[in-house]
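Descriptive structure summary
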Amino acid sequence: MSGEEGARAASMEKIVALCKRRGYIFPGSEIYGGLANTWDFGPLGVELKNNVKQLWWKTFVHRRRDIVGLDAGILMHPRVWEASGHVVNFNDPLVDCKTCKSRFRADHLIEDKLGMQASGKTPDEMSAILREANMACPHCGNRTLTDARQFNMMFSTTIGPVSETGTKVFLRPETAQAMFVDYKSVVATSRVKLPFGIAQIGKAFRNEITPGNFIFRDIEFDQMEIEYFVKPDDGPRAFDEWLAAMKSWVKMIGLSEKYVRIREHEESELSHYSSRTLDFEYFFPGTLGWKELYGLASRTDFDLRQHQEFSGEDLRYFDQESGERFLPHVIEPTFGVERTILTVLIDAYDEEQTVDVNGKPDTRVLLRLSPKLAPYKAAILPLMKKPELTGPAWDLFNQIQDETGYQVDYDETANIGKRYRRQDEVGTPYCITIDPTTLEDGAVTIRDRDTTEQVRIPLGDVVPWLREHIG
Ligand code: GAP
């Protein structure tokens, strides 16, 4: 790790602690001892999550003429997953410890413990590497690991009154398949013409064995995906355009360029459906390091061809200009919501060394969140809990909500210094203070989270000022 990377304020432990302390993210089912790899988004977490999804939808669906939306079911016909290749190919290579019965991903052991690249290797090749290294169980230390075997990552459940006679179905492991399965209906009803995309935001489920680094690897998570359909020859051009669009998104959510890189998949690591894949990788703190944030894949006509064959439906597109029928090719930009949130929080986390009111060294913790994503755009803080101040404070609170739709916080508890710190820590970009002078000059003080600088402006200018600074 370079000095610069080492100096980064955020560690995974600090982010986890802040998220729990301030109501961003809690461990799932905590009062029952928790359920591994599940997380609940608290009052602030749900606002951040909604802001991420809304910004993505606005950017890629509402602001574009060539993309339409979809909200499909999590449960799909079981044949979907046979056609897509997930029943056969969606596997993780796992090893078990014969002594303590712990289970690990073979590729992660090779990458994390031996520092070797494991992607693209078969289970036999991974077993040979682990045997050669005489790998000990990371949990109990005994050298009693089994060979690697494939384990399907899809969760299954049963539709029907009793599990013995019911139909076995899967919880979708990616949102993408609905865009292929509903492709024909979208073409028939939406007047779309190639090139066009279908976008969806929704839950995906994967039976991930490796305990996740906080919300990095979950068993239940949200994906934001686009399947972009093009004429077969237009694939490479569309791929480049989507690469540029994804880079703009990364910039829009405020991630530092130095922590994001793009890595091309080697042929051996390509998914069964892909002819080319780029990963947007992010440099996570701690042991994670560079890991996948988003993906961009060329899925060719693999999925439509498979669904055409398995369903018996003609999924060819009729091109009115040329009079030809063909299966379009597909470019897929895919974005994980939880990984977006994690990277945004890590990037935003900062600590400043200051002194408190008694002159003692103090640390100011703040989240430098982009105002677009911050759960609260502003906080209204009457200096004292007196009706002559709280009255106008509530009036301003209501006015901002009504006129801008911005989510705003109101806080009249504790001293003003503590209230500023609380808002800094949750990432509120602006604190607006109503003080006794406001009653005389009709002006308020606005404090900037990042610089702590303050400006005084007339009450009537607050809404336009916020609009100008938040957008
Ligand atoms: N439709 C293609 C697809 O699902 P993927 O690379 O397996 O590709 C897409 O997943 C994105 O979903 C990833 O780039 C990542 O952001 C997110 N993702 C995948 N597995 C995840 C998990 N277990 N927990 C949280 N996010 C995950």
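Here the structure is shown first, and the text comes after it.
Okay, so let's go over this structure. (Residues numbered from 1 in each chain as written. Predicted model: local features only at pLDDT ≥ 70, side-chain atom pairs only at ≥ 80, totals over all residues. Heavy atoms only, no water.)

1. Description of the overall build of the chain
Scanning the chain for helices and strands turns up 16 helices and 23 strands. Taking all 471 residues of the chain together, the buried fraction comes to 49%. Total accessible area computed for the chain in this model is approximately 22500 Å², and 49% of it derives from carbon and sulfur atoms. (Helix = DSSP H or I, 4+ residues; strand = E, 2+ residues; numbered from the N terminus. Buried < 20%, exposed > 50% of the residue type's maximum accessible area, 1.4 Å probe, protein only. Areas by Shrake-Rupley, 256 points an atom, 1.4 Å probe, with all protein chains shown as cover.)

2. Here we look at the state of the cysteines
Summed over all chains, the structure comprises zero disulfides. Sulfur of Cys100: no disulfide; nearest cysteine sulfur belongs to Cys137 and is 3.7 Å away. (Disulfide = S-S within 2.5 Å.)

3. Examining the nonpolar core
Ranked by size, the top nonpolar core spans 63 residues in total, and within it Tyr24 and Trp249 carry the most contacts. Formed by 26 residues, the second largest nonpolar core is a distinct cluster that contains Val80, Trp81, Ala178 and Leu315. (Core = buried A, V, L, I, M, F, W, Y, C linked by side-chain atoms within 4.5 Å.)

4. Some remarks on the packing of helix H2 (residues 12–21) against helix H12 (residues 337–348)
Viewed as axis vectors pointing N to C, H2 and H12 meet at an angle of 105 degrees, and their least axial separation amounts to 10 Å. Here H12 runs roughly perpendicular to H2, going by the angle between their axes. On the side of H2, the interface is formed by Met12, Ile15 and Cys19, while H12 contributes Leu342, Leu345 and Ile346. Class assignment of the residues belonging to the contact of H2 with H12 gives a composition of six nonpolar, no polar and no charged. (Axes fitted to C-alpha atoms, helices over the stretch in contact; angles between N-to-C directions. Parallel < 35°, antiparallel > 145°, perpendicular 65-115°, else oblique. Contact = heavy atoms within 4.5 Å. Nonpolar A, V, L, I, M, F, W, Y, C, P; charged D, E, K, R; others polar.)

5. Some details on the sheet that holds strand E16 (residues 329–336)
Taking strand neighbours across the sheet as the criterion, the seven strands line up as E3-E9-E10-E16-E13-E12-E11 in an open arrangement whose pairing is mixed. Only two strands of the sheet have a single neighbouring strand rather than two, namely strand E3 (67–70) and strand E11 (260–264). With strand direction ignored, the average angle separating the axes of adjacent strands in the sheet is 25 degrees. Pairing of strand E12 (residues 276–284) with strand E13 (residues 289–300), which is carried by nine bridges, proceeds in the antiparallel orientation. Bridged to Tyr282 within E13 is Lys291. Of the strands in this sheet, E3, strand E9 (196–205), strand E10 (220–230) and E16 touch helix H3 (residues 43–62), which is tilted by about 160 degrees from E9. Most of the contacts of helix H10 (residues 235–252) go to E13, to which it runs at about 150 degrees, and overall it touches E3, E10, E11, E12, E13 and E16. (Pairing = 2+ DSSP bridges.)

6. Let's talk about the sheet that holds strand E5 (residues 103–105)
One open sheet holds the three strands; their spatial order is E5-E4-E6, and the pairing between them is antiparallel. Of all strands in the sheet, those with a lone pairing partner are E5 and strand E6 (149–152), marking the two edges. Ignoring which end each strand starts from, the neighbouring axes of this sheet average 50 degrees apart. Across four bridges, strand E4 (residues 91–96) lies against E6 in antiparallel orientation. Looking across to E6, one finds that Leu94 is bridged to Arg149.

7. A few points about the pairing of strand E18 (residues 361–367)
Bridge count for strand E17 (residues 349–355) against E18 is seven bridges, and the pairing is antiparallel. The residue bridging Thr354 from the neighbouring strand is Asp362, located in E18. Taking the residues that link successive antiparallel strands as the turn, the E17-E18 hairpin has five residues, and the phi of Gly359 there is positive, at about 80 degrees.

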